[in-house]
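Working through the structure, step by step
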Amino acid sequence: MNRIRLLSEQVANQIAAGEVIERPASVVKELVENSLDAQAGRVTVEIQSGGRSLVRVTDDGLGMSRDDALLCLERHATSKIQRAEDLAAIATMGFRGEALPSIASVSRFLLTTRERDNETPEGTRIVIGAGKILEVQAAGGPPGTTIEVRQLFFNLPARRKFLRTEPTESAHIQHYLTLAALAFPQVAFTFLKDGRQVWQLPPVIGRSDPAGRLGALRERLRALYGAEQKLLPVDFAAQLRSFESAGDGEGSLVAVPAPLVRVWGFIGAPGVSRQTREDQHLFVNRRPVENRGLNFALMEGYHTSLMKGRYPVACLFLEIDPAAVDINIHPAKREVRFHQESEVRRLVAQAVRQALLDFHGPASSAPSRPPTTVRPLAGSPTPREASPVAPECVPPSPPVPAAGGAERPPGTQAPLPNFPPALTPVSDPAQPHVAQPPLRMGFTPGPVLPGALPPPQAQPAPARADARGSATTPVPLLRVPLRLVGVVGRLYVVLESDRGLVLLDQHAAHERILFEQMLSRLESSEHAPSQKLLLPATVEVSARDASFIRDQLPALGRLGVELSEFGERTFLLDALPPFVRAADPRRFVLELVDELKAAGQEVNSLRLGEHVVAKTVCRHAVKANDPLTGPELEALVENLRHCAMPYTCPHGRPTLVEMNFRELEKKFGRTQ
């Protein structure tokens, strides 16, 4: 008796539906992708009961003829590809031809379509129940396609009971539509839930150049999330480093030029983060994807700019040659795999970091000097004192001469600088001038010290504008003039700008200054210093980790870690950087492997010692309750202006917090 037999077409379709259609959001995804591939300019999605009882998708795309409408319901019937070679250059959202027959096999399905270029008003309507065609007839309607999916999984009660509550299923549908609306801002989207309109997004008409695309995306982000998000534009392009060889069909190899990779979109400004990855939207060739490598690259770009446990906010688009990415590794096309994963990760991390560096940029109001030169504050360690291998105590602040030649005790505040000219209030000649008496806040009014820094003379840098002329990029806080007001709790420095109130954490700010100062000295050499161990240690790892370590031996040598092969899966560790202490060599090597995998091959040459440097500067930086004089506070702000990443300390905590006038007016009840 034969035990192997062919499955019926209905059972095969239901199995395929189990792979492609997981929940109502999967139905919406497949149908909307078909609408976008059909060049639709308007897409309307209507659901009821979380998509269980009804999913209706209407578009104004190309539509289908009667024959095409019948053929599209067959498995693996598609207009997107013809040959196997086409899989290497897929430029459409769908391509396998499995979605419609899979959906129709587990629902009550109705398709109404009419060709856009057809001169006659006659269209086609097809009714299907559980995969069987029940009715085919002519029908009128506008050009485009409308698909209704009712009673999803009605013939698979085991699958239906695994669906979540209606609010949960609706949330999944809305999340996908948000991604589709971000990927195609030129398409109008309407979303209806249980007869109520959730949103109606008009098309954003913009130019096709990079500035126009950024402007269109910014407008769509504003429509979906509001205008309160502080986002930075990203526009980066580079070629992959390596070159590949491909066959010419006759057995010989030909050189293929490295493909161009473009990364563009928006990322959160310093201080904008979330506790989850919910607001990380990543697209590859306009396709929303999940890829751990891209998530790691995003975190690597924010290195030392995020607190532990926080995640960046991003809406990034990666444009790459379709031949360099495989989108056919997941039945629902959620995950992708890159041909050169490490190179792509490196470029994405570089794009993110470059956007953060460009946000601050060189301070226009600061004197011209190399950015890596950081002047030590009074009471801060000298370069020798700040060495990570020989930390010393911070010397006390010397007495500061007060007005009139007398010495001022170290614990008192020096006279504050005058209001900078760029922020000088314009007096109204119609109003009589009334001198306001000085407020008794513990600071003695007096003249400016001769050694104080000159106030900034430049006006605040203008905000960047999008294609429509509206400001999109927030002006960096350290590029506007700041007036020193005082200190709260001997820790938080109170500053005033033309935008409102600014609080500076003197400890976090000094940490960032010393951190960049010390790294700049250590990075001046190509190789990190290395120190031999008294007794070399043998480390045995798994076969996968052993293969990874072999590829990384040159990079580890530059990091100051001397590892050599001592067997098939065993390595000999005989040297470490002097600022690294490893009580357990095997654990150290495994943690190192994990860190290199997460950061990518292009890691900072001092990455292994960064956490030690951060701990060292934490000990040397000024602490809470350390009194700083006026010139010292001015020098602190001025030195912070010249840091590459001035808005966070090495641990990712913010150095500056701004409260603009709008927020202040809300707190005092002046505005709603």
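Notes on the structure follow. (Residues numbered from 1 in each chain as written. Predicted model: local features only at pLDDT ≥ 70, side-chain atom pairs only at ≥ 80, totals over all residues. Heavy atoms only, no water.)

**A closer look at the overall build of the protein**
Along the protein, the regular secondary structure elements total 15 helices and 28 strands. Here the protein holds 672 residues, and the buried ones make up 46% of them. A separation threshold of at least 6 residues defines the contact pool for the protein, and within that pool the share at least 24 residues apart is 71%. Put simply, the protein shows about 34,400 Å² of open surface, and 54% of that area lies on carbon and sulfur atoms. (Helix = DSSP H or I, 4+ residues; strand = E, 2+ residues; numbered from the N terminus. Buried < 20%, exposed > 50% of the residue type's maximum accessible area, 1.4 Å probe, protein only. Contact = heavy atoms within 4.5 Å. Areas by Shrake-Rupley, 256 points an atom, 1.4 Å probe, with all protein chains shown as cover.)

**Observations regarding a nonpolar patch on the surface**
Together, Val488, Tyr492, Leu503 and Val657 make up an exposed nonpolar region whose accessible area comes to about 330 Å². Along the chain, Tyr492 turns up in strand β23 (residues 492-497). With a relative accessible area of 40%, Tyr492 lands in the partly exposed category. (Patch = residues over 30% accessible without salt bridge, like charges linked within 9 Å, V, L, I, M, F, W, Y side chains within 5 Å. Salt bridge = Lys/Arg side-chain N within 4 Å of Asp/Glu carboxyl O.)

**Looking at helix α14 (residues 630-641)**
Look at α14: 17 Å from first C-alpha to last across 12 residues, which is about the 16 Å you get at 1.5 Å a residue. With 11 of its 12 residues buried, α14 lies for the most part within the structure. Gly630, Glu632, Leu633, Glu634, Ala635, Leu636, Val637, Glu638, Asn639, Leu640 and Arg641 are the residues of α14 that are buried. (Expected span 1.5 Å × (residues − 1).)

**Observations regarding the packing of aromatic side chains**
Aromatic ring pairs: the centre-centre distance and the angle between the two ring planes describe each pair. Summed over the entire model, instances satisfying the criterion amount to four aromatic pairs. Judged by centre distance (5.5 Å) and plane angle (50 degrees), the rings of Phe359 and Tyr647 are tilted. Of this pair, Phe359 sits in helix α9 (residues 341-360) while Tyr647 is found in the loop between α14 and β28 (656-660), placing the two residues 288 residues apart along the sequence. We note Arg218 situated over the ring of Phe266; from NZ or CZ to the ring centre the distance is 5.9 Å. (Phe/Tyr/Trp six-rings, centres within 6.5 Å; stacked < 30°, edge-to-face > 60°. Lys NZ or Arg CZ within 6 Å of the ring centre and 35° of its normal.)

**A look at the pattern of salt bridges**
Counted according to the given criterion, the structure contains 25 salt bridges. The partner of Arg150 in a salt bridge is Glu148, and the shortest N-O contact between them spans 3.4 Å. Since its relative accessible area comes to 34%, Arg150 is described here as partly exposed. Here Lys532 ties to Asp574 by a salt bridge, and the two come within 3.7 Å at their closest N and O atoms. Taken together, the residues Lys532 in strand β25 (residues 531-540) and Asp574 in strand β27 (residues 570-576) connect sequence positions 42 residues apart.

**Quick look at the packing of helix α8 (residues 292-301) against α9**
Between α8 and α9, the shortest axis-to-axis distance is 8 Å and the interhelical angle comes to 35 degrees. Crossing hand, α8 versus α9: right-handed. Residue-level inspection shows Gly293, Leu294, Phe296, Ala297, Leu298, Glu300 and Gly301 of α8 in contact with α9, the latter providing Glu341, Val344, Arg345, Val348, Ala349, Val352, Arg353 and Leu356. Here the residues of the contact of α8 with α9 sort into nine nonpolar, two polar and four charged. (Axes fitted to C-alpha atoms, helices over the stretch in contact; angles between N-to-C directions. Left-handed = near helix turned anticlockwise from the far one by under 90°. Nonpolar A, V, L, I, M, F, W, Y, C, P; charged D, E, K, R; others polar.)

**Topic: the environment of Asp194**
Tracing the sequence through the fold places Asp194 in the loop between β7 (188-193) and β8 (196-201). With 143 residues separating them along the chain, Asp194 and Gly51 place their C-alpha atoms 9.4 Å apart. Apart from residues no more than four positions distant in its own chain, Asp194 is found in contact with Ile47, Gln48 and Ser49. From its side chain, Asp194 meets the backbone nitrogen of Ser49 in a polar contact 3.0 Å long. (Polar contact = N/O pair within 3.5 Å; in protein donor to acceptor, adjacent residues only side chain to side chain.)

**A closer look at unusual backbone geometry**
Excluding glycine, residues mostly have negative phi values, and the peptide bonds linking residues are mostly trans. A positive phi angle, close to 55 degrees, is found at Ser49, a residue other than glycine. Within the element layout of this structure, Ser49 appears in the loop between β1 (42-48) and β2 (54-59).

**What about a negative patch on the surface?**
On the surface, Asp67, Asp68, Glu115 and Asp117 cluster together into a patch of negative charge. Tracing the sequence through the fold places Glu115 in the loop between β3 (108-114) and β4 (122-129). On the basis of relative accessible area, Glu115 is assigned to the partly exposed category, the value being 31%. (Lys, Arg positive; Asp, Glu negative; His and termini not counted. Charge placed at Lys NZ, Arg CZ, Asp CG, Glu CD.)

**A few points about the packing of helix α6 (residues 166-183) against helix α7 (residues 210-225)**
Contact pair α6 / α7: the axes reach a minimum separation of 9 Å and the direction vectors enclose 155 degrees. Compared by their axis directions, α6 and α7 come out roughly antiparallel. Together, Thr178, Ala181 and Leu182 of α6 and Leu217, Arg220, Leu221, Leu224 and Tyr225 of α7 make up the contact between the two elements. Its residues assigned to classes, the contact of α6 with α7 shows six nonpolar, one polar and one charged. (Parallel < 35°, antiparallel > 145°, perpendicular 65-115°, else oblique.)

**Focus: the sheet that holds β28**
With antiparallel pairing, the four strands of this open sheet are ordered in space as β22-β23-β24-β28. Unpaired on one side and paired on the other, β22 (483-488) and β28 mark the two borders of the sheet. Sheet twist, expressed as the average angle between the axes of neighbouring strands with direction ignored, equals 25 degrees. Pairing analysis gives five bridges linking strand β24 (residues 500-505) to β28, with the strands arranged antiparallel. Bridging across to β28, Gly500 finds its partner in Asn660. (Pairing = 2+ DSSP bridges.)

On their own, these measurements won't tell you what the molecule is for.
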